[in-house]
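Listed below, chain by chain, are the residues.
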Amino acid sequence: MPTHASASPVHERAVLIPLDLAPAAPAPGSRVHAVDGASMGTTWSARVVLGPSDGVDGLQAALQAELDAVVVQMSHWDDASLLSRYNRAPAGSWIDLPPQFFEVIDYALWARDASGGAYDPAAGSLVTLWGFGPVRRYDGAGFYAPDAQAVARAQAQRADAPVTLDRARRRLLQPGGATLDLSSVAKGYAVDRLAFCLAQRGLQHYLVEAGGELRGAGVKPDGQPWWVEIEGVPDAAGATPAVVALHGLAIATSGDYRQYFRQGTQRVSHTLDPRTGRPIGNDVASVTVLAPSCMAADALSTALAVLGPVDGLAFAARHGLAARFLVRRAGRLDEVRSPAWTALLQ
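Note that the structure is predicted; figures quoted are calculated from it, not measured.

Q: Describe the packing of aromatic side chains, with residues and values.
A: Centre distance and the angle of the planes are the two values used to describe a pair of aromatic rings. Evaluated as defined, the whole model comprises one aromatic pair. Summarising the aromatic geometry, the rings of Y107 and W110 are spaced 5.4 Å apart at their centres and angled 35° between planes, so their arrangement reads as tilted. Of this pair, Y107 and W110 both sit in helix α3 (residues 99-114), separated by three residues, roughly a single helical turn. Judged by its relative accessible area of 19%, Y107 is buried. Residue W110 is classed as partly exposed on the basis of its relative accessible area, which comes to 37%. The side chain of R136 reaches across the aromatic face of Y144, ending 5.0 Å from its centre.

Q: Describe in detail the sheet that holds strand β2 (residues 15-16), supporting the description with residues and values.
A: Ordered in space as β2-β11-β10, the three strands form an open sheet in which the pairing is mixed. Strands at the two margins of the open sheet, each flanked by one partner only, are β2 and β10 (227-229). Relative to strand β11 (residues 243-245), β2 is paired through two bridges, and the arrangement is parallel. Its bridge partner being in β11, L16 is matched across the sheet by V244.

Q: Please provide a residue-by-residue account of the pattern of salt bridges, values included.
A: Taken as a whole and judged by the stated rule, the model has ten salt bridges. A salt bridge links R275 to D273; the nearest nitrogen and oxygen atoms lie 2.9 Å apart. Among the residues examined, R275 registers a relative accessible area of 41% and is labelled partly exposed. A salt bridge links R337 to E335; the shortest N-O distance between them is 2.8 Å. Exposure remark for E335: the relative accessible area of 7% places this residue in the buried category.

Q: Would you mind going over unusual backbone geometry in detail, with residue names and values included?
A: The phi dihedral of M40 is positive, around 55°, even though this residue is not glycine. Here M40 lies in the loop between β3 (31-39) and β4 (42-50). Even without being a glycine, R136 presents a positive backbone phi close to 50°. Topologically, R136 is positioned in the loop between α4 (124-129) and α5 (148-159). With a relative accessible area of 35%, R136 lands in the partly exposed category.

Q: I'd like to hear about the packing of helix α1 (residues 59-74) against helix α6 (residues 186-200), residue by residue, with values.
A: As a packed pair, α1 and α6 sit with axes 9 Å apart at the nearest point and diverge in direction by 150°. In terms of axis orientation, α1 runs roughly antiparallel to α6. For the pair α1 and α6, the crossing hand works out as right-handed. Within the contact between the two elements, α1 uses L59, A62, L63, E66, L67, V70 and M74 and α6 uses A186, Y189, A190, R193, L194, F196, C197 and L198. Of the residues in the contact of α1 with α6, the class split is 13 nonpolar, no polar and two charged.

Q: So what about the packing of α3 against helix α7 (residues 294-319)? Which residues, and what values?
A: Viewed as axis vectors pointing N to C, α3 and α7 meet at an angle of 10°, and their least axial separation amounts to 11 Å. It follows that α3 is roughly parallel to α7 by the angle criterion. Judged by residue contacts, E103, V104, Y107, W110, A111 and A114 of α3 engage M295, A296, A299, L300, F315 and H319 from α7. Tallied by class, the residues present in the contact of α3 with α7 amount to ten nonpolar, one polar and one charged.

Criteria and thresholds
- Here the residue index of a chain counts from 1 through its sequence in written order.
- Restriction of local features to residues with pLDDT of at least 70 applies here, the model being predicted, together with a cutoff of 80 or more for giving and counting side-chain atom pairs; totals for whole chains, interfaces and linings are based on all residues.
- Excluded from the side-chain calculation are hydrogens and water; included are all heavy atoms of the structure.
- Stacked, tilted and edge-to-face are the three classes applied to pairs of Phe, Tyr and Trp rings, where Trp contributes its six-membered ring and a pair requires centres within 6.5 Å; stacked means planes under 30 degrees apart, edge-to-face means over 60, and tilted covers the rest.
- The helix count covers DSSP runs of H or I at least four residues long, the strand count covers runs of E at least two residues long, and both are numbered beginning at the N terminus.
- Residue exposure (1.4 Å probe, protein chains only): buried if accessible area is under 20% of the type maximum, exposed if over 50%, otherwise partly exposed.
- Charge-over-ring placement is defined geometrically: NZ (Lys) or CZ (Arg) within 6 Å of the ring centre, and within 35 degrees of the ring normal.
- Should DSSP find at least two bridges between two strands, the strands are taken to pair.
- Here, a salt bridge means any Lys or Arg side-chain nitrogen found within 4 Å of an Asp or Glu carboxyl oxygen.
- Between N-to-C directions, angles span 0 to 180 degrees; the directions come from axes that are lines fitted to C-alpha atoms, helices contributing only their stretch in contact.
- Just so you know how the angles are binned, under 35 degrees is roughly parallel, over 145 roughly antiparallel, 65 to 115 roughly perpendicular, and the rest oblique.
- A clockwise turn of the near helix away from the far one marks a right-handed crossing, whereas an anticlockwise turn of less than a right angle marks a left-handed crossing.
- What makes two residues a contact is simply this: any of their non-hydrogen atoms within 4.5 Å.
- Basically, the charged four are Asp, Glu, Lys and Arg, the nonpolar ten are Ala, Val, Leu, Ile, Met, Phe, Trp, Tyr, Cys and Pro, and anything else, Gly included, counts as polar.

This is the structure we're talking about:
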């Protein structure tokens, strides 16, 4: 498929509206009810449209329970989580997976294969090596960046320990030394679980969020969609955030400004390229993805950041992804949009 990109300095406010915007209005007398909490080292919130007869009993607890289940299964900060137990399991162990974990690792391995390894949920050893994991943090005392030999050893170990998913029996093989890190997909999935919980209760109009990743459905009582400002790059001049109507859409952004340290004048980003074992150096400041699920938006924003504005744009075009790249060039930000992103602009 030919790729038609729009590239220009960021200087205007943009408005994005889904092509299939067809809201069914909430019942007369509906109201917005807000609930929030904490999970995964961050905060979460939900704004839910409730009809005159809808109650709120147990709503906050039900939403919190969805997030707690994700933490229990997928947290790399919790030594007792299923993910941590998998990472410690002896070689040859098959680990049975609950439905949530299976759904996430299944999608993450698809993203690995589709991106040619630019995304890899089994790159946890690299994350730790570069100081962005739960131990030996880059901002802690005594940290130093790995040398080429250390990176080569980590890459060789990863190559010798491929992760195998038995989809028929829903179990995952620990080949010995494989280290999962689902932090670039689990938070998006957690947002999807909030949406699932509300839908199970028959609630069709909502905006849910965890750690800045969002998913929206339906409209507000006044018929307006859930308008969300798209995250810009805080340490670069000239970037004016766009806004999007989250109607049947989720949004996630991967940025090099979230966690990083400097080696001389070089920015060492927490976004790592599993193919090289090193942080990205392609001048991508951020990638924002709009997708039907937040899990997809979360994982693919990371994959596209690694692929860069050329290969990433081609990937987005092949897969019909709405994606925006903000690229650092000569002291300014250039915006590169996928065809699907451009189609949403109004």
